[in-house]
Each structure stands twice: as structure tokens, then as C-alpha cells.
Amino acid sequence: MVRVNWSGDPEAQSWGISMGAVQEWGLSPAGYWERRDAVITDALPVCSQLAADPYHAPPVLEWIDVRTREPNPGAWALKADRDRPRWDWTPLESIGPLRFDMDAQQVMAALGGEVPAVRHGHFPWPGSGKSGQWILTRDRFDHTGVTAHYWDLGSRLPVLGAVTVHGRTGPRVCYEGIELVGAPVSRIDATLIQRADNDEIGLIIGCSGDLGPDGLNMYVRADRVGDTVVSGARVCAENWEDHGAP
């Protein structure tokens, strides 16, 4: 029997194999590694004892813990540009109706009262289980197409420190004439690299290879659409990277 696993890809218990996909990378004509607009297959083979539920088996959990990731049913709907609102972005300050330093209630109010589809957080002492005050780290808003990321400043409620705009469903955001959301990732990367080569901007590279203009705390992300990817964006408050992005 073939079923769909957490990433929306086929999984066959009788074979002990679970399929997945990762973004394709390759060498540019100039000889450096660059992101491409396709995904390529990878696979998780397991022994028969783990095949019934491989991603909840201890050996796999130590390698890739997907318990807090939103499962994909195997469909990657892409919202048309005409159905996406246009959001303004003021680097290090705000995006659309969301201002950094808002608390979670203010974020929901700014989004017209939308309730998060999924909330993630943690307890302060992981080794002690569910003890202490639960701390909110992020809210996913499916109707708007964004995820709000919060940081805990200790003396008050967690406040908004970053916003991820989903490539498949999020609002349109522009930077210096570049459409950041819902576009081919390779095209945006090439444009940013060209501007860096022309000394118009500096570039920074995130942990996943995401490119962004230096000093603006914005990273161009890649969201899967079946066998391809489209661009999304994460915009952050000034000191977000110092605290670590959840």
C-alpha cells in the first residue's frame, strides 16, 4: 500500500521507503553554486521495524524532526497574482498592516481578526516537559498567506520579530522593482547578484542559501509547488538574527 507522507510524497511501508524532494542546486556559468527552480527527489529507506511510521522513530527524529511541521496532503495550490493583495514593506519596521513589536492579539487584529490555522510554541525548560509558561513562537495565517514569528523579550508577552510571506499564497511584495513573492527564485537571485556585481547593493546569504540585500534583514525563500519552486520572503526586525529565528 502506498500512502502520502508528511511532505506530500509517496511512502510505501512494504518497501520501507519514504520519498521526499529538495530544491535543485547547480553550478552557474561563472562557477558558483546557485539555486534553481526545480525540486529533485530524495528518499528515506528504513528497516522493517521502522517502516510503519518512520518519521516518528527515534533514529529518524534525531536526524530530522518533522513533528512541528505542517503536513502537506500532496497538493501545492498556487494563488494567482490577481488574487493577492499588494503589501508595502518598510525594512526593519513593518510589512503591510503588520508592525514589528506587535503582540499576537494586535497581529490578529491587523489581519482583520483572522485566527491562526496553526500555532507553535515551547515551554521554557525542554528537559522538564510541559512545565512553566508556554511561550508562543509563531502563528500561521492561511487566508492571508503569512507566518508571524515572535520573540520572547522576557519582561512582556512575545512580540512580532519577523514575518514570512508564503510564496504560494502570500501577498505581493516589491523591493526596488523586484517582485519578491510568487516568482522564479533563480530570476530574483540573478537580479540581486547582478546588482551586487554593479555595487548597487551588498548581499547576505541565509542558512538555507537564501539571498537578501545587506542591512535590510530580508531573505528570498523558496516554496515548493509540486516539482518546482516559487519565491517567498522573510522580513525581520533589526536584531532578529541575534535572537535566532524560530
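Definitions and cut-offs
- Residues numbered from 1 in each chain as written.
- Predicted model: local features only at pLDDT ≥ 70, side-chain atom pairs only at ≥ 80, totals over all residues.
- Heavy atoms only, no water.
- 1 Å grid on protein atoms, 1.4 Å probe; cavity = no way out; pocket = protein on both sides within 12 Å on 5 of 7 lines; lining within 4 Å.
- Points joined across faces, edges and corners; volume = space filled by probe spheres on them.
- Helix = DSSP H or I, 4+ residues; strand = E, 2+ residues; numbered from the N terminus.
- Nonpolar A, V, L, I, M, F, W, Y, C, P; charged D, E, K, R; others polar.
- Pairing = 2+ DSSP bridges.
- Salt bridge = Lys/Arg side-chain N within 4 Å of Asp/Glu carboxyl O.
- Buried < 20%, exposed > 50% of the residue type's maximum accessible area, 1.4 Å probe, protein only.
- Phe/Tyr/Trp six-rings, centres within 6.5 Å; stacked < 30°, edge-to-face > 60°.

**Student:** In this structure, what is going on with the layout of surface pockets? I would like to understand it.
**Tutor:** The gaps left among the atoms become clear once a water-sized probe is rolled over them. Approximately 1,800 Å³ is the volume attributed to the largest pocket. Surrounding the largest pocket, 50 residues form its lining, W6, R69, A222, D223 and R224 being those nearest its centre. Of all the elements in the fold, those that place two or more residues in the lining of the largest pocket are β3 (17-27), β4 (33-45), β9 (118-122), β10 (135-141), β11 (146-151), β17 (218-225) and β18 (228-236). Counting residues per element, the lining of the largest pocket draws most heavily on β3, which supplies six residues. Its residues placed into classes, the lining of the largest pocket shows 21 nonpolar, 13 polar and 16 charged.

**Student:** For this particular structure, what's the right way to read the sheet that holds strand β7 (residues 94-95)?
**Tutor:** Backbone hydrogen bonds are what pair the strands of a sheet, in a parallel or an antiparallel way. The strand order across the open sheet built from three strands is β6-β7-β8, with neighbouring strands paired in antiparallel fashion. Of all the strands in the sheet, just β6 (89-90) and β8 (98-99) have a single pairing partner and so form its edges. As paired strands, β6 and β7 are joined by two bridges and run antiparallel to one another. Bridge pairing links T90 to S94 in β7.

**Student:** Where do I start with the pattern of salt bridges in this structure?
**Tutor:** Pairing between side chains becomes possible if they bear opposite charge and their charged atoms approach one another. All told, the structure shown has twelve salt bridges when counted by the stated rule. Between E70 and R140 there is a salt bridge, with the nearest N and O atoms lying 3.7 Å from each other. Of this pair, E70 sits in the loop between α1 (58-61) and β5 (86-87) while R140 sits in strand β10, placing them 70 residues apart in sequence. Given the relative accessible area of 30%, E70 is considered partly exposed.

**Student:** Would you mind going over the packing of aromatic side chains with me for this structure?
**Tutor:** What characterises a pair of aromatic rings is the spacing of the ring centres plus the angle enclosed by the ring planes. For the structure shown, the criterion picks out three aromatic pairs. Aromatic pair W151 and W240: ring centres 5.4 Å apart, planes at 45°, arrangement tilted. You can see W151 sitting in strand β11 and its partner W240 sitting in helix α4 (residues 240-243), a full 89 residues away along the chain. For the pair W151 and W240, a shared accessibility class is recorded, and that class is buried.

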